[in-house]
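# Observations on the model geometry
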Amino acid sequence: MKIYINTDLEGICSFVDRDEANIKTARGIGYTKHFLTAEVNAAAEGILSAQPDCEITVLDGHGGGHWGANMIAEELHPRISLIHGKRGAEIVGLDSSFDLFMEIGAHSMAGTMHGVMNHTISSKEIMNVWLCGEKIGEIGIRAAIAGHYGVPVALVSGDFWAVEEAKALLGDIEGVSVKKGINAFTANCLNPLEARKLIKEAARAAVLGRRRFTPYIVKTPAEIKIEYMQTHFADRAQNSGAKRIDGRTVSFIGDDLIRVLDTVNR
């Protein structure tokens, strides 16, 4: 059995404001790296308790390593294989050989009321994204990529509002809310040890109940529509081949779903 875990940073327990990663004014990026590493380890422990011979691949998914690697490699569970670096695409290293896809540290889409650090791909550039007419965030984009390879999403952990978003889109998945956003930079957080315990239990339950999950399939040709915050971002996208919808909005349509989805990262 093989499991692919994508990670993000904004959805981990006890992290509510990007300023916390500033070593000059707060606890520094090492603090958040420790929490993310611990939550990934908890998921690995749950997976291996249900399937001892499972192969676990983890993608360091937060901006391709905005501060370098977002996890502490020497603290990772020894059974984890880690993908990190400037990858140039939303998801790399995933293919049809994997059985399940999991998300650790997920945040809600741009514009989500109460969602902690809510955004979609870029908090400075993008307002909204629609895939085949349905408004989605990063959870939906990754689920569609996984579904392209026939891999179902089994577990999402993160902010309460992100978990609700995932369940609304994907149905009966395992969801772990490690904090509940009050506003974009405030949340009621679980004790980190409790959060890790719940992630471990949910990962184990996902593996044991893996037959109930189905891939999120998007039919092609597919359209992704992106509403930017400023017109010059739409200008740039149009120059890259997008169809202009209005001053801030463009669309891409194609038969290659992965290529269509990756246009949101341009």
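Anything mentioned here points back to the structure above.
Scoring rules and cut-offs
Residues numbered from 1 in each chain as written. Predicted model: local features only at pLDDT ≥ 70, side-chain atom pairs only at ≥ 80, totals over all residues. Heavy atoms only, no water. Helix = DSSP H or I, 4+ residues; strand = E, 2+ residues; numbered from the N terminus. Buried < 20%, exposed > 50% of the residue type's maximum accessible area, 1.4 Å probe, protein only. Lys, Arg positive; Asp, Glu negative; His and termini not counted. Salt bridge = Lys/Arg side-chain N within 4 Å of Asp/Glu carboxyl O. Core = buried A, V, L, I, M, F, W, Y, C linked by side-chain atoms within 4.5 Å. Contact = heavy atoms within 4.5 Å. Pairing = 2+ DSSP bridges. Axes fitted to C-alpha atoms, helices over the stretch in contact; angles between N-to-C directions. Parallel < 35°, antiparallel > 145°, perpendicular 65-115°, else oblique. Left-handed = near helix turned anticlockwise from the far one by under 90°.

Time to look at the side chain of Arg 196. By the element assignment, Arg 196 lies in helix H4 (residues 192-208). Glu 39 is the oppositely charged side chain nearest to the buried, salt-bridge-free Arg 196, at an N-O distance of 5.7 Å.

With that settled, the discussion passes to the nonpolar core. Core analysis: the biggest nonpolar cluster contains 82 residues, and Ile 5, Ile 47, Ile 56, Leu 94, Met 102 and Ile 226 have the highest contact counts within it. Residues in contact with Ile 5, not counting those within four places in the same chain, are Ala 43, Ile 47, Ile 56, Thr 57, Val 58, Leu 59, Met 102 and Ile 104.

Right, let's get into the pairing of strand E4 (residues 100-106). Here E4 lies mainly inside the structure; 7 of its 7 residues are buried. Judged from the 5 bridges that link them, strand E1 (residues 2-7) and E4 form a sheet pairing that is parallel. Bridge pairing in E4 places Ile 5 opposite Met 102. Where E4 lies against strand E7 (residues 153-159), 4 bridges are found, and the strand directions are parallel. Residue pairing in the sheet places Ala 106 in a bridge with Gly 158 of E7.

Okay, the pattern of salt bridges next. All told, the structure shown has 9 salt bridges when counted by the stated rule. Two residues, Asp 8 and Arg 142, come together in a salt bridge whose shortest N-O distance is 3.4 Å. You can see Asp 8 sitting in the loop between E1 and helix H1 (29-50) and its partner Arg 142 sitting in helix H2 (residues 138-148), a full 134 residues away along the chain. Taken as a pair, Asp 8 and Arg 142 share a single burial class, namely buried. Beyond isolated ion pairs, a larger network of salt bridges with shared partners links Asp 8, Glu 90, Glu 103, Glu 138 and Arg 142.

Helix H3 (residues 160-170) packs onto H2 with a crossing angle of 40° between their chain directions and a minimal axis gap of 9 Å. Between H2 and H3, the crossing angle belongs to the class labelled oblique. Judged by the twist between their axes, the crossing of H2 over H3 is right-handed. In contact with Ile 139, Gly 140 and Ala 143 of H2, H3 contributes Ala 162, Glu 165, Ala 166, Leu 169 and Leu 170.

Here the focus is the environment of His 84. For His 84, the location among the structural elements is in the loop between strand E3 (80-83) and E4. Remark: the alpha-carbon pair of His 84 and Ile 258, spanning 174 residues in sequence, is separated by 19 Å. Contacts of His 84, omitting those with residues within four sequence positions, involve Asp 60 and Ala 69.

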